[in-house]
Structures are given as C-alpha cells and as structure tokens.
Amino acid sequence: MCCSPAELLIMSLDEDARWLEWVTRQFESIAGDNKEIDLDEFKTALKVKESFFAERFFALFDSDGSSSISLDELLKALDLLIHGSETDKLKFLFQVYDVDGSGSIDPDELRTVLKSCLRESAISLPEEKLDDLTLALFESADKDNSGAITFEELKAELETFPEVMENLTISAANWLKPPDVEEKKRRHTPRYLTRAYWQNNSRKLFFLCVYAGLSLTLFVGAMLQHSQGGAWLMVAKGCGQCLNFNCTFVMVLMLRRCLTWLRTTWLLRVLPLDQNILLHQIVGYSILCYTLVHTTAHIFNFVHLSQSSGFSLWEYLLTTRPGVGWVKGTASVTGVVLQVVICLMVLCSSTFVRRSGHFEVFYLSHLSYVWVWSLLMVHCANFWKWFVVPGLVFVLEKIVGIAVSRMGGLYIVEVILLPSKVTHLVIKRPQFFHFKPGDYVYVNIPVIAKYEWHPFTISSAPEQSDALWLHIRSMGQWTNRLYEYFRRPESETLSPKRLATSLRNRRQLRAQDDLFSSTDWNQAVASNEDEAIELTMYRQNGSRAAGAPVSLSVAQGPTESLPDELGPAERGEAPPLREISAKFGENHRFCNIKCYVDGPYGTPTRQIFASEHAVLIGAGIGITPFASILQSIMYRYRRRKQNCPNCNYSWCENIKDSDMKLRKVDFIWINRDQKSFEWFVSLLTKLEMDQADEEPEGRFLEMHMYMTSALSKNDMKAIGLQMALDLLAKKEKRDSITGLRTRTQPGRPEWGKVFQKVSEENKGKVHVFYCGSPALAKLIKAQCEHFGFNFYKENF
C-alpha cells in the first residue's frame with residue numbers, strides 16, 4: 001500500500017526533526033568549552049570515514065572561515081538542506097564539486113570528486129578507466145563545450161537522471177544519515193498469520209501438523225499404558241515413546257539417496273522434501289526437549305522410589321544395583337550417558353558453531369549418532385522395533401555410498417585459485433557419474449584429511465561430460481587447508497613420478513573446445529587493485545588484444561572452430577567447458593591428486609526446468625549451484641537458437657518441450673566487493689553473448705548484479721559516480737566494474753520493486769531459487785509470500 005503525499009510529508013518532517021535532534025545532541029557531546037568543533041571532531045560527530053566529502057561539507061558549513069563550526073552554523077546549513085528548494089540543494093551539490101570555488105567545475109575537479117566517490121564505494125578502477133568516467137560525465141554535462149561545467153549545466157544534466165532528482169527531494173536525513181537512526185516502522189500483520197504464508201508453506205505446515213498429531217498420540221498412548229505407575233512415570237514413558245519414534249525419524253530425514261529418488265516422483269508435490277534439513281533440525285530439537293523432560297520425570301520418580309526402598313537416589317541414577325532396565329539394570333547409566341551425548345550433539349550443531357569456521361566440530365560430534373543408537377538399543381527394550389527397517393535402509397545407503405565413491409579412479413586434474421580465497425577444482429568425471437544441474441556431492445581428499453567428507457555444489461553443467469567443477473570458498477579449517485595446500489610451490493605438491501601425467505593432462509586440456517561459440521568481440525574487465533590486476537582486453541577466441549597486460553585471475557580460453565565446420569551444439573554434442581588462468585604459474589596448475597566423491601544428491605533447484613519463470617538469487621559464493629544451472633539452461637537454449645546463413649542475425653524459436661518449460665530466467669547476483677565478481681565473470685560474459693539478437697517474447701536470460709559495498713544512488717556521495725558509470729556503460733555497452741553488458745547496481749536490491757517488475761512480466765508461474773545467507777533468505781521468502789511466488793532455498 002502506497003502512502004499519500006501528505007503522509008510522506010509528515011513522515012519526512014518527523015524524520016527530519018529526529019535527525020536534527022540527533023545532530024544537536026552529537027554536537028553538544030563533541031564540542032569543547034568554546035562550543036565549536038573542528039574538522040576531526042566534525043568527522044567523529046557524523047560518524048563518517050576519512051573522506052573528501054567530509055572535508056567539503058565542513059568547508060561549506062564553516063561560513064565564517066574560522067576553521068571551526070558553531071552549532072548555529074551547523075543548524076543553519078542543515079536547515080537549508082531540509083527546508084530549502086530543489087535549486088538550493090542542487091547549489092549545495094554544485095559547491096561540493098566546485099573545489100576551488102571558481103563558480104564552475106573543470107575536468108580535474110570532477111576527476112577528484114569521482115576518485116573520492118570510488119574510494120567511498122570501495123571500487124578500484126585503473127587510472128585510464130577513471131579518466132574515461134570523468135570525460136564521459138564532463139562531455140555530457142558541458143553542453144557549450146566551454147571546458148567547464150556551470151551550475152545550469154549540472155542542473156540540466158541531473159534532470160536527465162530522474163532517479164537522482166527524486167532522491168534530491170527526499171528528506172535531508174538521506175544526505176548525512178547517521179547509522180544508528182532507525183526509520184519508523186509501520187505496523188504490519190504478523191507474517192505467520194497471513195494467508196499467503198499458509199498457502200506458500202502448505203506442505204510443510206501440513207507435515208508438521210501430522211508430525212505433532214502423531215507425537216501427541218504416541219505420548220498419550222504410552223501414558224495410558226502406565227497409568228498405574230504414578231504421574232512422573234507416565235510422563236517419562238510418554239516421552240520415551242516419542243523418543244523411540246523421533247530417534248528413528250531423524251535418521252529417515254537424512255536418507256539422501258532415497259530423498260533424491262523421491263524428488264523424481266509425484267510425492268514431491270505432497271511432501272516437503274526440499275525442507276528435509278529444516279525438519280531434521282526440528283526433530284533434533286524435539287529429541288533434546290523429550291530427553292530433558294524424560295530424564296527429569298525419571299529423577300522425580302526415583303526420588304519417590306528411594307523413599308520406600310533400600311536404594312538411594314544416586315544408586316538409582318548411577319549404578320545398576322536397583323536393576324532398572326532390560327539389560328542387567330543399565331537403563332539409568334545408559335540414560336545419563338545418552339543425555340550428555342545428545343546435549344553435546346545439539347550444542348555442536350548450533351548455527352554459531354557451523355558458521356564460525358568450525359564445521360569439523362559439527363561433523364565429528366554428529367558421528368556420535370552411532371553411539372546414540374547403540375545405547376538406545378541397550379537403554380530401551382522396544383527401540384529395536386522402531387529402528388530395524390529404517391536402520392537397514394540407512395546401512396544400505398552407506399554401503400552404496402562407499403561403493404560408488406570408491407568405484408573408478410577419481411583425480412583432481414586442475415586447480416585454479418580465485419579471488420577471495422576460492423579454490424576451483426576440476427575433477428576428471430567418470431562415465432558412470434550422472435547428475436542434474438544444482439546437485440551436490442560429498443568430497444574426500446586424503447592429502448587434506450583422510451577421513452573427512454564435506455558437501456559442495458557441483459558448479460559445472462551435466463552436459464560437460466569430461467570433468468566436474470567445484471568452487472570452494474575458504475571458510476573453515478578444512479577449506480583453508482585445501483587452499484593453502486595449493487598455494488604452496490608446485491614442486492612441493494607434485495612428485496616427479498606425476499610429471500608425465502601432469503604434462504599429458506595439460507596438453508589434453510589445451511586442445512579442448514569451449515561449450516559456447518566464439519566471436520571476435522573484445523572483453524574489458526576491471527578488477528580490484530589489491531590483487532594487482534589491471535584493466536585487460538581479451539578477445540573471445542582466447543588471444544589478448546595487442547599490448548594488453550596478462551593480469552586477470554580468471555579468463556576463458558575457447559578454441560576457434562573452422563567456419564565451414566558445424567559447432568558442437570549443432571552436432572548435438574556437449575563440448576567441455578573450462579576456465580584458464582592468465583597467472584598460470586602462480587594461481588593455476590595441473591595435478592593428479594586422488595579424491596573420492598559420494599553422490600550426487602538432489603536439491604530444490606532440480607525443479608527449475610519445470611518452471612516457466614525462474615528467478616535465481618545467489619549471494620557471494622552462493623552462485624555455485626546457479627553456475628551449473630545457467631550453463632545447462634543456455635546449452636538447452638542453444639538448441640532452439642536459429643542463425644541466418646547469410647548474415648549474423650539470430651533469433652530463438654519459442655518452443656516448449658518436456659525437457660525445459662522455461663520462458664524467462666532472471667539471475668540476481670549479490671556481492672560484497674568488486675573482486676568477488678571475478679569468480680564467474682568470464683562465464684557470465686559467455687552467457688550474455690550466447691543469447692539471440694531478437695526473441696519472440698523478449699530477452700530469455702536477464703542478469704542483475706549488485707555490489708553492496710558501493711554507495712547507493714540515494715547517497716549524495718555517489719550521485720556523480722553513478723551518473724558517470726551509467727553514461728560510460730551506455731557509450732561502451734559494457735559495465736566498468738565487471739566488464740559485462742549488465743550494469744552493476746550499487747547497494748542492495750529493493751526486493752519489493754524487483755519482484756513487482758517480475759510479476760508484471762507475466763511469463764508464467766514464478767519460482768524463486770535462493771542460495772546464500774539465512775538472514776537474507778528470510779527477507780526474500782517474506783517478499784515471495786507477498787507476491788505469491790514459490791520459494792526454494794538451497795540446503796546441505
């Protein structure tokens with residue numbers, strides 16, 4: 001629901017009043033006895049970085065030129081920004097850019113401003129690209145070619161960017177808004193009480209209702225059977241019966257091979273198979289609660305028994321003398337051990353343990369499930385009846401997993417170290433290994449850790465028949481050891497006996513074709529200067545432009561096919577896909593390292609090809625499942641693509657088939673910083689180029705890139721930079737940050753606007769697939785419920 005102009009005005013005035021109150025309070029706390037603040041105190045009061053803009057604000061606020069600001073000067077300047085006209089605010093912006101106060105902005109001043117904008121947004125570009133940005137904005141604004149931008153010219157230029165002008169009319173809190181001021185939140189109906197929530201979560205809610213009903217039935221039934229033993233015994237027996245069921249059911253929810261198979265059946269539409277991890281966690285917490293109540297009830301029951309028998313409470317709890325239990329009176333002792341083990345398992349599986357780089361603690365503690373089941377056999381006389389069938393299936397799954405992982409010799413044949421400590425592994429793919437886009441595998445690399453298995457999404461497409469890709473970000477002990485292992489000099493990780501194999505692999509991989517067709521287009525990619533990477537021109541056929549330095553971490557190296565030969569796609573084949581590092585000796589190497597792979601296992605993303613309009617959202621390394629999916633989608637898309645034999649014109653036939661029902665794909669990638677885009681920028685460039693020139697229903701694949709460290713367009717410090725980036729992108733038809741055709745947007749997506757646009761396209765039922773942080777997942781899921789979209793989250 002939109003607010004009326006009057007409501008917006010009231011909200012704006014209220015926000016302004018709160019902001020002025022905050023500024024006054026901050027001023028009084030910082031200013032000395034003379035009731036004035038200097039530049040350093042000004043920066044501290046406004047909580048801004050050391051920046052060009054803070055100094056410019058200070059200079060403009062210091063109306064008397066005393067090198068200090070009084071409260072009256074500060075409030076007078078802020079009052080102008082709050083209550084001044086649009087022209088007043090534009091004049092202030094012009095004065096910020098007019099560094100020397102000459103009444104006009106020359107190219108050098110504009111360059112200084114844009115350089116400060118880049119620094120504020122944590123964007124690093126080569127000096128040549130900064131010059132290009134400056135000239136693009138300057139030439140566009142300098143209408144009379146006088147060599148300087150006047151106020152009228154800047155105003156006219158700003159008016160060509162409606163979103164900028166709109167932001168200038170927003171309340172002044174958006175100019176210098178402190179980070180601790182929270183916007184007034186409007187009251188909404190609780191999400192869990194909305195009709196949309198119940199409709200979009202119907203399978204999960206129905207399943208939980210059945211689960212709760214079954215647990216209640218088991219609890220009441222066991223209580224009634226032991227009604228003669230007293231209230232505490234009844235409670236203990238009720239919880240015990242629920243534990244029999246839950247300690248078995250928690251295993252059923254992790255039968256990955258069975259669940260992967262069930263995803264191919266009609267049961268996927270009835271059971272919440274995609275949320276098995278969440279249900280596993282719910283059952284795990286239920287087990288903890290049941291054990292605590294079960295143990296507490298038995299303690300009170302033993303207190304009662306100790307008063308009428310010859311055994312003390314501690315004898316009941318810690319010895320076998322009272323004879324409680326069906327195996328030589330060991331029920332109490334095994335119960336105490338079970339209580340401790342279960343509590344430790346739940347504690348070590350907590351989010352703060354798994355997400356803080358201590359995955360091994362979670363993994364090793366979870367292996368104690370073997371002891372839990374063994375102790376339950378001894379502790380409870382009836383547990384084996386619940387366990388026998390699921391237990392046999394579980395053992396069979398483990399045997400099959402071991403057999404599959406040991407079949408065939410799997411070797412890591414190529415390793416590429418990418419920015420942000422991402423390790424790209426290329427594993428030689430066995431012929432019997434078949435998977436779907438988005439599937440994941442468990443990997444064991446003996447040279448890193450002999451007995452540890454870790455899950456990772458396959459980032460290569462199924463159509464790539466010769467190799468498996470894994471992109472692994474260093475976030476824990478095992479992944480850090482993996483990265484550091486391949487950072488060592490090659491002589492330390494490759495023995496002389498393997499050099500012949502390494503050389504053979506290198507020659508084979510150099511001779512491979514690329515999955516996508518090649519063209520004569522030049523690609524420009526700008527990267528983070530921390531990695532000493534410069535702006536580099538790459539030809540699509542793998543050769544560099546003349547004079548261009550070899551400095552990009554990851555680049556494609558396709559082989560150009562003869563014009564009179566059919567490409568692999570036209571022959572109905574799937575040529576291999578690979579990335580080649582320009583830093584061959586340092587970050588890229590060929591090897592021959594033994595590894596084991598268990599899988600593949602299915603994920604919610606298997607439903608993408610049954611969707612009509614798919615929205616893929618990846619945050620950071622969360623792009624990895626979508627790398628596989630996007631490659632597979634575009635491979636299938638190419639089979640529909642038609643090319644004119646007499647010219648370069650291409651179009652795509654709108655054909656629906658059982659293999660792929662997709663009509664539209666929106667891919668949204670959110671990254672924290674600039675260098676994170678380098679992981680897959682070459683692949684995304686290929687995907688952009690591979691689309692047809694014209695399609696019956698518009699562009700099939702649209703990409704949306706967001707960089708959260710960059711200041712958004714509603715921040716005054718970013719206005720000039722974003723205008724320059726827009727102008728240069730239109731001129732070069734290439735984004736300056738990533739080199740893609742898609743313009744990288746600053747800040748975070750406004751999900752309401754994003755999904756509103758998706759909804760208005762009317763391409764069919766919308767399915768949103770997400771892989772990334774749980775916090776963002778909650779936000780996106782709530783928006784999906786609002787718009788009636790189906791939401792799927794990647795879980796391990």
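None of the values given here were measured: they were computed from a predicted structure.

Explanation requested: the overall build of the chain in the structure shown.
Assigned secondary structure in the chain consists of 29 helices and 19 strands. Within the chain, the fraction of its 796 residues that count as buried is 52%. Entry remark: accessible area of the chain is about 38,000 Å², with carbon and sulfur atoms responsible for 57%.

Looking at this structure, how should I read the sheet that holds strand β19 (residues 790–793)?
Two modes of strand pairing occur in sheets, parallel and antiparallel, and in both the strands are linked by backbone hydrogen bonds. Judged by pairing direction, the sheet is parallel, and its six strands sit side by side in the order β17-β16-β15-β12-β18-β19 without closing on themselves. The two strands at the open ends of the sheet, each matched to only one other strand, are β17 (744–746) and β19. Averaged over all neighbouring strand pairs, the angle between strand axes comes to 20°, with direction disregarded. As paired elements, strand β12 (residues 613–619) and strand β15 (residues 664–671) share seven bridges and run parallel to each other. Bridge pairing in β15 links Leu 616 to Phe 667. Each of β12, β15, β18 (766–771) and β19 touches helix α29 (residues 774–787); the most contacted strand, β19, lies at about 165° to it.

Even after reading the chapter, I still don't get the packing of helix α12 (residues 231–252) against helix α20 (residues 383–406), so can you show me in this structure?
Packed helices, taken two at a time, are described by their axes: the angle between them and the distance between them. Orientation of α12 relative to α20, taken along the N-to-C sense of each, is 0°, at an axis distance of 9 Å. By the angle between their directions, the pair α12 and α20 is classed as roughly parallel. Side by side, α12 and α20 meet where Gln 241, Asn 244, Phe 245, Cys 247, Thr 248, Met 251 and Val 252 of the first sit next to Phe 383, Trp 386, Phe 387, Pro 390, Gly 391 and Phe 394 of the second. In terms of residue class, the contact of α12 with α20 is made up of nine nonpolar, four polar and no charged.

It is not clear to me how the environment of Ser 309 should be interpreted in this structure. Could you clarify?
Residue placement: Ser 309 occurs in the loop between α14 (276–306) and α15 (313–318). On the basis of relative accessibility, which here comes to 30%, the residue Ser 309 falls in the partly exposed class. Sequence-wise, Ser 309 and Pro 322 are 13 residues apart; in three dimensions their C-alpha atoms are separated by 9.5 Å.

I tried to follow helix α8 (residues 151–158) on my own but got confused; where do I start?
Since the α-helix advances by 3.6 residues per turn, residues separated by three or four positions end up pointing in the same direction. Taken together, the buried positions of α8 are Phe 151, Glu 153, Leu 154, Glu 157 and Leu 158. One side of α8 holds all its buried residues, which, seen down the axis, span an arc of 165°.

Sorry, what's going on with the pattern of salt bridges here?
Side chains that differ in sign of charge can pair as their charged atoms come close. Applying the stated criterion to the full structure yields 15 salt bridges. A salt bridge links Glu 127 to Arg 111; the shortest N-O distance between them is 2.4 Å. Of this pair, Glu 127 sits in helix α7 (residues 127–141) while Arg 111 is found in helix α6 (residues 107–120), placing the two residues 16 residues apart along the sequence. Overall, Glu 127 belongs to the partly exposed group, its relative accessible area being 41%. The salt bridge involving Arg 487 is made with Glu 484; its shortest N-O contact spans 3.5 Å. Of this pair, Arg 487 and Glu 484 both sit in helix α21 (residues 477–487), three residues apart, roughly one helical turn. When salt bridges that share partners are traced, they join Lys 664, Asp 666, Glu 702, Lys 757 and Glu 761 into one network.

Before we go on, may I ask you to explain the pairing of β19 in this structure?
Side-chain positions along a regular strand alternate between the two faces of the sheet. Here four bridges tie β18 to β19, and the two strands are oriented parallel to one another. Directly across from Tyr 770, in β19, lies its bridge partner Lys 793. Following the backbone out of β18, through α29 and into the adjacent parallel β19, one traces a crossover that is right-handed.

Would you mind showing me how to read the state of the cysteines here?
A covalent bond bridging the sulfur atoms of two cysteines is what the word disulfide describes. One pass over the full model with this rule turns up zero disulfides. There is no disulfide at Cys 595, and the cysteine sulfur nearest it, in Cys 591, is 9.4 Å away. For Cys 595, a relative accessible area of 1% corresponds to the buried category.

Even after reading the chapter, I still don't get the environment of Gln 722, so can you show me in this structure?
The topology assignment puts Gln 722 in helix α27 (residues 719–732). Separated by 604 residues in sequence, Gln 722 and Leu 118 have C-alpha atoms that sit 9.8 Å apart.

How should the pairing of β18 be read in this particular structure?
With six of six residues buried, β18 is to be regarded as a mostly interior element. With burial as the criterion, each face of β18 is covered, one bearing Val 766, Val 768 and Tyr 770 and the other bearing His 767, Phe 769 and Cys 771. Bridge count for β12 against β18 is six bridges, and the pairing is parallel. Pairing of Gly 618 across the sheet is with Cys 771, part of β18.

What exactly am I supposed to notice about the nonpolar core here?
Across soluble globular proteins, you tend to see nonpolar side chains buried next to one another. The biggest cluster of nonpolar side chains holds 85 residues, and the ones touching the most others in it are Leu 616, Ile 633, Phe 667, Trp 669, Leu 684 and Leu 701. Once residues within four sequence positions are removed from consideration, Leu 616 is found in contact with Ile 608, Phe 626, Ile 629, Leu 630, Val 665, Asp 666, Phe 667, Ile 668 and Phe 769. Counting residues in each nonpolar core, the second largest holds 30 residues, with Cys 242, Cys 247, Leu 288 and Cys 380 among its members.

Mind showing me how you'd approach the sheet that holds strand β6 (residues 454–457) here?
Across the sheet, three strands lie side by side as β6-β5-β11; this open sheet has antiparallel pairing. The strands lining the two open edges of the sheet, one partner per strand, are β6 and β11 (596–601). Within this sheet the neighbouring strands show an average axis-to-axis angle of 30°, counted without direction. As paired strands, strand β5 (residues 440–444) and β6 are joined by four bridges and run antiparallel to one another. By the bridge assignment for β6, Val 443 is matched with His 454.

Where do I start with a nonpolar patch on the surface in this structure?
The grouping of Trp 314, Leu 318, Val 336, Val 340, Leu 344, Leu 347 and Phe 352 at the surface amounts to a nonpolar patch, some 730 Å² of accessible area in total. Breaking the nonpolar patch down by element, the ones donating at least two residues are α15 and α16 (331–348). Looking at which element gives the most residues to the nonpolar patch, the answer is α16, with four residues. Mapped onto the elements, Leu 318 comes out in helix α15. On the accessibility criterion, Leu 318 (51% relative accessible area) is exposed.

Quick question: what am I supposed to make of unusual backbone geometry here?
Of all residues except glycine, most have a negative phi; of all peptide bonds, most are trans. Put simply, Gly 599 and Pro 600 share a cis peptide bond, and its omega is 5°. When you line up the elements, Pro 600 lands in strand β11. With a phi angle near 55°, Asn 145 is a residue other than glycine that sits in the positive phi range. Along the chain, Asn 145 turns up in the loop between α7 and α8. Although it is not a glycine, Lys 733 sits at a positive phi angle of roughly 55°. Inspection of the secondary structure puts Lys 733 in the loop between α27 and β17.

Rules and cut-offs
Residues numbered from 1 in each chain as written. Predicted model: local features only at pLDDT ≥ 70, side-chain atom pairs only at ≥ 80, totals over all residues. Heavy atoms only, no water. Helix = DSSP H or I, 4+ residues; strand = E, 2+ residues; numbered from the N terminus. Buried < 20%, exposed > 50% of the residue type's maximum accessible area, 1.4 Å probe, protein only. Areas by Shrake-Rupley, 256 points an atom, 1.4 Å probe, with all protein chains shown as cover. Pairing = 2+ DSSP bridges. Axes fitted to C-alpha atoms, helices over the stretch in contact; angles between N-to-C directions. Contact = heavy atoms within 4.5 Å. Parallel < 35°, antiparallel > 145°, perpendicular 65-115°, else oblique. Nonpolar A, V, L, I, M, F, W, Y, C, P; charged D, E, K, R; others polar. Arc of directions from axis to C-beta. Salt bridge = Lys/Arg side-chain N within 4 Å of Asp/Glu carboxyl O. Right-handed = clockwise from strand over helix to strand, strands pointing away. Disulfide = S-S within 2.5 Å. Core = buried A, V, L, I, M, F, W, Y, C linked by side-chain atoms within 4.5 Å. Patch = residues over 30% accessible without salt bridge, like charges linked within 9 Å, V, L, I, M, F, W, Y side chains within 5 Å.

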